[in-house]
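Residues per chain, in single letters:
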Amino acid sequence: MTSARRYSASPIKETPMEKNLVIVTGGARGIGRAIAEKLVQEGYAVAITYTSSSTRADEVVSRLQGEGGRIRAFQADVTNPAQIAKLFDDAISALGPLHGLVNNAGITGTQAPIADQTPEDLNKLIATNITGSLIAAGEAARRLSTEAGALGGVIINISSVAARLGGLSGLVAYATTKGAIETFTKGFANEVARNGIRVNAVAPGLTDTEMVPAEAAQAAEKYVPMGRMGEPSEIAEAVAFLLSDKASYITGTTLTVSGGR
Ligand code: NDP
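Thresholds applied
Residues numbered from 1 in each chain as written. Predicted model: local features only at pLDDT ≥ 70, side-chain atom pairs only at ≥ 80, totals over all residues. Heavy atoms only, no water. Axes fitted to C-alpha atoms, helices over the stretch in contact; angles between N-to-C directions. Helix = DSSP H or I, 4+ residues; strand = E, 2+ residues; numbered from the N terminus. Parallel < 35°, antiparallel > 145°, perpendicular 65-115°, else oblique. Left-handed = near helix turned anticlockwise from the far one by under 90°. Contact = heavy atoms within 4.5 Å. Nonpolar A, V, L, I, M, F, W, Y, C, P; charged D, E, K, R; others polar. Salt bridge = Lys/Arg side-chain N within 4 Å of Asp/Glu carboxyl O. Buried < 20%, exposed > 50% of the residue type's maximum accessible area, 1.4 Å probe, protein only. pLDDT = per-residue confidence, 0-100. Core = buried A, V, L, I, M, F, W, Y, C linked by side-chain atoms within 4.5 Å. Pairing = 2+ DSSP bridges.

A look at the packing of helix 1 (residues 30-41) against helix 8 (residues 232-243)
Move 1: At a closest axis distance of 8 Å, the pairing of helix 1 and helix 8 adopts a crossing angle of 55°. With respect to each other, helix 1 and helix 8 are oriented oblique. Note on packing geometry: the crossing formed by helix 1 with helix 8 is right-handed. Two secondary-structure elements touch here, helix 1 through Gly30, Ile31, Ala34, Ile35, Lys38 and Leu39 and helix 8 through Pro232, Ser233, Ile235, Ala236, Glu237, Val239, Ala240 and Leu243.
Move 2: For the contact of helix 1 with helix 8, the residue count by class is ten nonpolar, two polar and two charged.

Focus on the pattern of salt bridges
A side chain of one charge can pair with a side chain of the opposite charge when the charged atoms of the two come close.
Move 1: Taken as a whole, this structure holds 13 salt bridges when the rule is applied.
Move 2: Linking glutamate 210 and arginine 56 is a salt bridge whose minimum nitrogen-to-oxygen distance equals 2.5 Å. Linking glutamate 210 in the loop between strand 6 (197-204) and helix 7 (216-223) with arginine 56 in helix 2 (residues 55-66), this pair joins segments that are 154 residues apart in sequence.
Move 3: A salt bridge links arginine 143 to glutamate 139, with the nearest nitrogen and oxygen atoms 2.6 Å apart. Placement of both arginine 143 and glutamate 139 in helix 4 (residues 119-144) is noted, with a separation of four residues, approximately one turn of the helix.
Move 4: On the basis of relative accessibility, which here comes to 10%, the residue glutamate 139 falls in the buried class.
Move 5: The network of salt bridges with common partners includes Asp89, Glu139, Arg142 and Arg143.

Thoughts on the confidence of the model for the protein
Move 1: For the protein, the average pLDDT comes to 93, and 92% of its residues sit at 70 or higher.
Move 2: Overall fold confidence (pTM) sits at 0.94, and the ipTM for the predicted complex is 0.99.

Observations regarding the nonpolar core
Nonpolar side chains in soluble globular proteins generally cluster together in the buried interior.
Move 1: The biggest cluster of nonpolar side chains holds 31 residues, and the ones touching the most others in it are Ile35, Leu39, Val46, Ile71, Val102, Ile156 and Leu243.
Move 2: Elements that contribute at least two residues to this core include exactly strand 1 (19-24), helix 1, strand 2 (44-50), helix 2, strand 5 (153-158) and helix 8.
Move 3: No other element matches the seven residues that helix 8 contributes to this core.
Move 4: With sequence-adjacent residues up to four places away left out, isoleucine 156 is seen in contact with Leu101, Val102, Asn103, Asn200, Val202, Val239, Leu242 and Leu243.
Move 5: Ala76, Leu87, Leu95 and Leu98 belong to the second-largest nonpolar core, a separate cluster that totals 27 residues.

So, the sheet that holds strand 3 (residues 71-75)
Move 1: Within the open sheet, the seven strands sit side by side as 3-2-1-4-5-6-7. Their pairing is parallel. One side of each edge strand has no neighbouring strand; the edge strands of this open sheet are strand 3 and strand 7 (254-257). Taken pair by pair, the neighbouring strands of this sheet meet at an average axis angle of 20°, ignoring direction.
Move 2: For strand 4 (residues 98-103) and strand 5, the ladder comprises four bridges, and the chain directions are parallel. Among the inter-strand pairings, glycine 100 is bridged to a residue of strand 5, identified as valine 154.
Move 3: Each of strand 1, strand 2, strand 3, strand 4, strand 5 and strand 6 touches helix 1; the most contacted strand, strand 2, lies at about 160° to it.
Move 4: Against the sheet, helix 2 makes contact with strand 2 and strand 3, and its axis sits at roughly 165° relative to strand 3, the strand it touches most.

Written as structure tokens, this is what we have:
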């Protein structure tokens, strides 16, 4: 008889109760912040990260702690493997056992035609959006693996609809990194399924954050079937679902949250 927990359908309505730790890379602003807020509301312990300035992360942490949330901020640059490993160690020692990872940190990189990109631009984009996510996922998997059959945890990768649209002019390299993330999601899900780990991606469409330019709202009116940009909180709902037991048989898939785009 294994002591590892197994999920089973329950008719009892879920009430917010204390849940294990989820690490959200880049959780001090934009989509990552909305994810952190949603997860704290749902009772998870949450670790967010910041790269250089802690000002925004501190604001998020003190606000949510003030509301009774279990949340801490840690400095970690996802392009630095030693900092990623330290993030996991520090977050687990401060906030308890790990339930999941949200690979949210990302950049668009230099927005220019491929022919005008420098190798340095491309390497930074790949290091942040691809390598950083893969290394963090590996760190998470090492800590989440359980005996065969038990559910040990969940990894969510934030992709983009750009992965399948190819990226508008200037965003081809960015879209390429997100395509890689969706391939990684499928492959890694296969690799760790028997270790009790589910791996899924969420692919937002245009979402109202600092990442998108001011004119994005007009573009959304024109090109998004629902006629508007998404709110970060709408992306967070999808992430929370995939992290939860409600998604216990979902792995290796990408959930698009894009207003129909
Ligand atoms: P923001 O620019 O608002 O936030 C980006 C976040 O990533 C910040 O928290 C930033 O941390 C973090 N980050 C950037 N580089 C690093 C790094 N090297 N190490 C650690 N953290 C880093 O973007 P969004 O919230 O819009 O984007 C979040 C995710 O959603 C990204 O992966 C993005 O590609 C994806 N996405 C966004 C869409 C949109 O329309 N907004 C559409 C589709 C996908 P810091 O605060 O320290 O700078």
